[in-house]
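Secondary and tertiary structure notes
Here is what each chain is made of, one letter per residue.
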Amino acid sequence: GAGVSQSPSNKVTEKGKDVELRCDPISGHTALYWYRQRLGQGLEFLIYFQGNSAPDKSGLPSDRFSAERTGESVSTLTIQRTQQEDSAVYLCASSLEGFQPQHFGDGTRLSIL
Amino acid sequence: GESVGLHLPTLSVQEGDNSIINCAYSNSASDYFIWYKQESGKGPQFIIDIRSNMDKRQGQRVTVLLNKTVKHLSLQIAATQPGDSAVYFCAEKGTSYGKLTFGQGTILTVHP
């Protein structure tokens, strides 16, 4: 059985460029979460999708960050006009109907030059 | 606020010893707690969870203890093995449905 899949696994880009990160949740999981993990730190919540409900965007650090989800499937996290402080691992997780536990992918390691 | 940068707490043990990893949480209204293991270059892997109406839960070689009075959570690993070497995170779910708040992590190193 497939777990949470994220792509790309690594992304290097220049400051000021836009990036798009993709997450494929576990099939049947209606809840999807994005987190950011800076080097040597814990995970920071970014955004949470649950079914057709309005997403919880309370963790997005600025209006440069946005995320979308197609139905109960793929999600994309977009960072516009990237800054060096955006360098981090971006992790996606999914779960059944917002219940726990959340199951994580291996993340996208984003490096801004 | 969030915690430190690169200076994570560390725990070094010998293979076969028991390990105890501690975590202090902040929100007295949190009703669910979870431990994750994260190996280098991987996402967090679920270990064990506990709800606030319990004070102890056991899994295979792992036990989680919850002390709500002092807002403290611990993970006990029995007969620690080199494959247990990783960073361990505790996380809590407060009043916001679905959102987890993570602790800073503890680096566990198991020596053969």
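Before any of the text, the structure's been laid out above.
Reference entry: report on the structure contained in this document. All residue numbers here refer to positions counted from 1 along the written sequence of the relevant chain. Each chain gets a letter, beginning with A, and each ligand a number, beginning with 1, in the order they are written. Only residues with pLDDT of at least 70 get local features here, since the model is predicted, and only at 80 or more are side-chain atom pairs given and counted; chain-wide, interface and lining totals rely on the full set of residues. Side-chain calculation: all heavy atoms of the structure are included, whereas hydrogens and water are not.

1. Let's talk about the overall build of chain A
Here a helix means four or more residues in a row that DSSP labels H or I, a strand means two or more in a row labelled E, and each is numbered from the N terminus. In terms of regular secondary structure, chain A is built from zero helices and 10 strands. Each helix (α) and strand (β) of chain A, taken in turn from the N terminus, gives the series β-β-β-β-β-β-β-β-β-β. Radius of gyration: C-alpha atoms only; globule rule: 2.2 Å multiplied by the number of residues to the exponent 0.38. Against the globule reference of 13 Å for 113 residues, chain A gives a C-alpha radius of gyration of 13 Å, in line with a compact fold. Projecting the C-alpha coordinates of chain A onto the three principal axes gives extents of approximately 35 × 30 × 25 Å. Buried, partly exposed and exposed residues are distinguished by accessible area as a fraction of the type maximum, computed with a 1.4 Å probe on protein chains only: under 20%, between the cut-offs, and over 50%, respectively. For chain A, buried positions account for 50% of its 113 residues. A contact between two residues is defined here by any heavy atoms of the two lying within 4.5 Å. Of the contacts formed within chain A by residues at least 6 apart in sequence, a portion of 56% connects residues at least 24 apart.

2. Re the interface of chain B and chain A
Chain B puts 24 residues into the contact, and the matching count from chain A is 21 residues. By definition, a salt bridge exists where a carboxyl oxygen of Asp or Glu is found within 4 Å of a side-chain nitrogen of Lys or Arg. In this assembly, chain B and chain A are joined by one salt bridge. In this structure, D106 of chain A engages K42 of chain B in a salt bridge whose closest nitrogen and oxygen atoms are separated by 4.0 Å. The term polar contact refers here to a pair of N or O atoms within 3.5 Å; inside protein, the definition further demands a hydrogen-donor-capable atom paired with an acceptor-capable atom, and it admits residues adjacent in sequence only when both atoms are side-chain atoms. Counting across the interface, chain B meets chain A through four residue pairs in polar contact (both at pLDDT 80 or more). Broken down by secondary-structure element, the contributors of at least two residues to the side of chain B that touches chain A are β3 (32-38), β4 (45-51), β8 (86-93) and β9 (100-102) of chain B. The element contributing the most residues to the side of chain B that touches chain A is β3 of chain B, with four residues.

3. Focus: the state of the cysteines
Put simply, a disulfide is two cysteine sulfurs that come within 2.5 Å. Applying the stated criterion to the full structure yields two disulfides over all chains. Here C23 of chain A pairs with C92 of chain A through a disulfide, and the sulfurs are 1.9 Å apart. On the S-S bond that ties C23 of chain A to C92 of chain A, the torsion sits near -65°, and the link is left-handed. Of this pair, C23 of chain A sits in strand β3 (residues 19-24) while C92 of chain A sits in strand β8 (residues 88-95), and the two are 69 residues apart along the sequence. Residue classification places C23 of chain A among the buried positions, given a relative accessible area of 0%. According to the relative accessible area criterion, C92 of chain A is buried, its value standing at 0%. At a sulfur-sulfur separation of 1.7 Å, the disulfide partner of C23 of chain B is C90 of chain B. Linking C23 of chain B and C90 of chain B, the disulfide has an S-S dihedral of approximately 40° and is accordingly described as right-handed. Here the residue C23 of chain B occupies a position in strand β2 (residues 19-24), and C90 of chain B occupies one in strand β8, the gap between them amounting to 67 residues.

4. What to know about the pattern of salt bridges
Considering all chains together, one arrives at eight salt bridges over all chains under this definition. For D49 of chain B, the salt bridge is made with R57 of chain B, and the minimal N-O distance between the two is 2.3 Å. Judged by relative accessible area, D49 of chain B falls into the buried class, the value being 9%. For R57 of chain B, a relative accessible area of 36% corresponds to the partly exposed category. Residue D84 of chain B pairs with R61 of chain B through a salt bridge whose shortest N-O separation is 2.9 Å. Remark: R61 of chain B occurs in the loop between β5 (56-58) and β6 (62-67) and D84 of chain B occurs in the loop between β7 (72-77) and β8; sequence separation between them is 23 residues. A relative accessible area of 31% places R61 of chain B in the partly exposed class. Overlapping salt bridges, with partners in common, bring together R36, R38 and E44 of chain A in one network.

5. What about the side chain of T78 of chain A?
Residue placement: T78 of chain A occurs in strand β7 (residues 75-79). Ignoring any residue separated from it by four or fewer positions in sequence, one finds T78 of chain A in contact with V19, E20, R64, F65 and S66 of chain A.

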